[in-house]
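Close look at the chain arrangement
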Amino acid sequence: MNKQPILSVKNLSVEFRTRAGVNYAVSDVSFDLHRGETLGIVGESGSGKSVTCSALMGLLPRPPAYISPSSSARFDGKDLLSMPEKELSSLRGNRISMIFQDPMTSLNPCMTIGDQVAEPLIIHRGLSRKEAHQLAIEELTRTGIPYAEKRAKSYPHEFSGGMRQRVMIAMALITRPQFLIADEPTTALDVTVQKQVLDLLKERQQELGTAIILITHDLGVVRRYAHRIQVMYAGSTVESAPTSELLSHPLHAYTRSLMASIPGTHSKGSRLQSIPGLPPTLRSPVKGCSFMPRNIIGKPELCLTDKVPEMKEVTPGHFVRNCPGCLA
């Protein structure tokens, strides 16, 4: 794996300023992503996973979204966060792609599948409609769409959920991007189809060398497909490590709570463990340990209340929020 990261995110902070007040959605998130690597970002709904990646893609409406001036996201040496919209548009769907959660709402119901898969080649590569359409059929075939030449003339509503997700993968990869964001790409799919879709994504990554950010709430998914895992809670990273290291030696109370909540880790007939309460609303900046009210695995009485715990490298490549109560 190339030691030079293709994407380097430093101190990313995002807030939404609305009439109801300010929502501090993402605070001080940093990570590196290398060619051919998959980074799994996990956490509950509202932890800041999708906002982080939408900020990188320039998909947040500004205003109400505001990105801190100290934030940076360097892709091949250029900062995505300060890049002019025209230059960023030339990257999106070309060298950078994204697979969204729900393909039914992401695909255009009025365009055929073939036209939608071919569109990035027409826009970014200047291919004729005929050339792009032929390459679209080849890409659909590679992603497992049977009778691709015939099905390319169909519309999204004529495809199943799994087939629509394969179409989204074909659209995202047809320009051979260097960097891909997969935002919960298996949402609402059954387990068998989930595995087929993720195996396909992994296979195409190995062919193209694409770096992938895989957003999910499923630790079982990242266990199989991610090289590194970044755990987010209340808009911040609480732990980050290589997959095998994090799953075998989880340190933060939130990470341990997530792992304890996996049904497969419990003996038959035993009570399933859950994390009590709800994540904070983030209507004000977090002043101490954000997980303290829900910490039942560590020692909440030791959690910091006067300052936000800092990230600490405990072993090479393994970082964790240094909160005594969450590490106890």
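Residue numbers run consecutively from 1 along every chain, following the written order of its sequence. Predicted model: local features are reported for residues with pLDDT of at least 70 only, side-chain atom pairs are reported and counted for 80 or more only, and whole-chain, interface and lining totals are derived from all residues. Heavy atoms throughout the structure, all of them, feed into the side-chain values; hydrogens and water do not.

Among the nonpolar cores identified, the biggest contains 35 residues, and Leu7, Leu12, Leu56, Leu80, Phe179 and Ile213 are the most heavily contacted of them. Every residue in contact with Leu12, bar those within four places of it in the chain, is listed here: Val26, Ser27, Asp28, Val29, Thr52, Ala55, Leu56, Ile67, Ser71 and Leu81. Definition of nonpolar core: a set of buried residues of the types Ala, Val, Leu, Ile, Met, Phe, Trp, Tyr and Cys, connected through side-chain atoms within 4.5 Å. Think of it in three bands: residues with accessible area under 20% of the maximum for their type are buried, residues over 50% are exposed, and the middle band is partly exposed, with areas taken using a 1.4 Å probe on protein chains only. Core analysis: the second largest hydrophobic core is formed by 33 residues, Val117, Ala118, Leu198 and Ile212 among them. In this analysis, two residues are considered to be in contact whenever any of their non-hydrogen atoms come within 4.5 Å of each other.

The relative placement of two packed helices comes down to the angle between their axes together with the axis-to-axis distance. Fitted lines through C-alpha atoms give the axes, limited to the stretch in contact for helices. The angle between two N-to-C directions lies from 0 to 180 degrees. Helix and strand labels come from DSSP, where a helix needs a run of H or I of at least four residues and a strand needs a run of E of at least two; each type is numbered from the N terminus. Viewed as axis vectors pointing N to C, helix 4 (residues 113-125) and helix 7 (residues 161-173) meet at an angle of 25°, and their least axial separation amounts to 7 Å. As summarised for this structure, helix 4 and helix 7 are arranged roughly parallel, according to the angle between their axes. Taking contact as the criterion, the partners of Ile113, Gln116, Val117 and Pro120 in helix 4 are, on helix 7, Val167, Ala170 and Met171. Asp, Glu, Lys and Arg are counted as charged, while Ala, Val, Leu, Ile, Met, Phe, Trp, Tyr, Cys and Pro are counted as nonpolar; the rest, among them Gly, fall into the polar class. Tallied by class, the residues present in the contact of helix 4 with helix 7 amount to 6 nonpolar, 1 polar and no charged. An angle below 35 degrees is treated as roughly parallel, one above 145 as roughly antiparallel, one from 65 to 115 as roughly perpendicular, and anything else as oblique.

Structurally, the position occupied by Ser27 is in strand 2 (residues 21-33). Sequence-wise, Ser27 and Asp183 are 156 residues apart; in three dimensions their C-alpha atoms are separated by 19 Å. With sequence-adjacent residues up to four places away left out, Ser27 is seen in contact with Leu12, Ser13, Gly235 and Ser236.

Aromatic contacts are taken between Phe, Tyr and Trp rings whose centres are within 6.5 Å, Trp giving its six-membered ring; a plane angle under 30 degrees counts as stacked, one over 60 as edge-to-face, and the others as tilted. Within the structure shown, the criterion is met by 4 aromatic pairs. Their ring planes at 35° and their centres at 6.3 Å tell us that Phe75 and Phe179 sit as a pair that is tilted. In this pair, Phe75 is assigned in strand 5 (residues 72-75) and Phe179 in strand 8 (residues 179-183), connecting sequence segments 104 residues apart. The burial state of Phe75 is the same as that of Phe179; both residues are buried. Relative to Phe291, the ring of Tyr254 lies with its centre 5.3 Å away and its plane at 65°, an arrangement referred to as edge-to-face.

By definition, a salt bridge exists where a carboxyl oxygen of Asp or Glu is found within 4 Å of a side-chain nitrogen of Lys or Arg. Following the criterion strictly, the structure yields 13 salt bridges and no others. For Glu85, the salt bridge is made with Arg92, and the minimal N-O distance between the two is 2.6 Å. The class for Arg92 is buried, based on a relative accessible area of 19%. Between Glu139 and Arg204 there is a salt bridge, with its nearest N and O atoms 2.5 Å apart.

To continue, consider the pairing of strand 13 (residues 318-321). Any two strands are treated as partners once DSSP identifies two or more bridges connecting them. Taken together, the 2 bridges between strand 11 (residues 236-242) and strand 13 define a ladder with antiparallel strand orientation. Note that in strand 13 the partner of Glu239 across the bridge is Val320. Examined bridge by bridge, strand 12 (residues 311-315) and strand 13 share 4 bridges and lie antiparallel to one another. Within strand 13, the position partnered with Glu313 by the bridge is Phe319. Linking strand 12 back to strand 13 in an antiparallel pair, the connection comprises 2 residues, with Gly317 at a positive phi of about 85°.

What follows deals with helix 11 (residues 253-260). Summarising burial for helix 11: 8 of the 8 residues are buried, a large majority. Residues Ala253, Tyr254, Thr255, Arg256, Ser257, Leu258, Met259 and Ala260 constitute the buried set of helix 11. Contacts made by the buried residues of helix 11 are with helix 9 (219-225), strand 10 (228-233), strand 11, helix 10 (243-248) and helix 12 (324-327).

Below, the discussion takes up empty space enclosed by the protein. Both site types are read off a 1 Å grid over the protein atoms alone. A 1.4 Å probe that fits but cannot get out defines a cavity, while an open set with protein on both sides within 12 Å along at least five of seven lines defines a pocket; lining residues have an atom within 4 Å of a point. Grid points are joined across faces, edges and corners, and a volume is the space filled by probe spheres set on the points. Per the stated rule, a full pass over the model turns up 1 cavity of 30 Å³ or more. Here the largest cavity is characterised by a volume of approximately 70 Å³. Considering the residues around the largest cavity, the lining is formed by Thr38, Leu198, Leu201, Lys202, Gln205, Ile212, Leu214 and Tyr225. When residues in the lining of the largest cavity are grouped by element, the largest group, 4 residues, is from helix 8 (residues 191-208). Its residues assigned to classes, the lining of the largest cavity shows 5 nonpolar, 2 polar and 1 charged.

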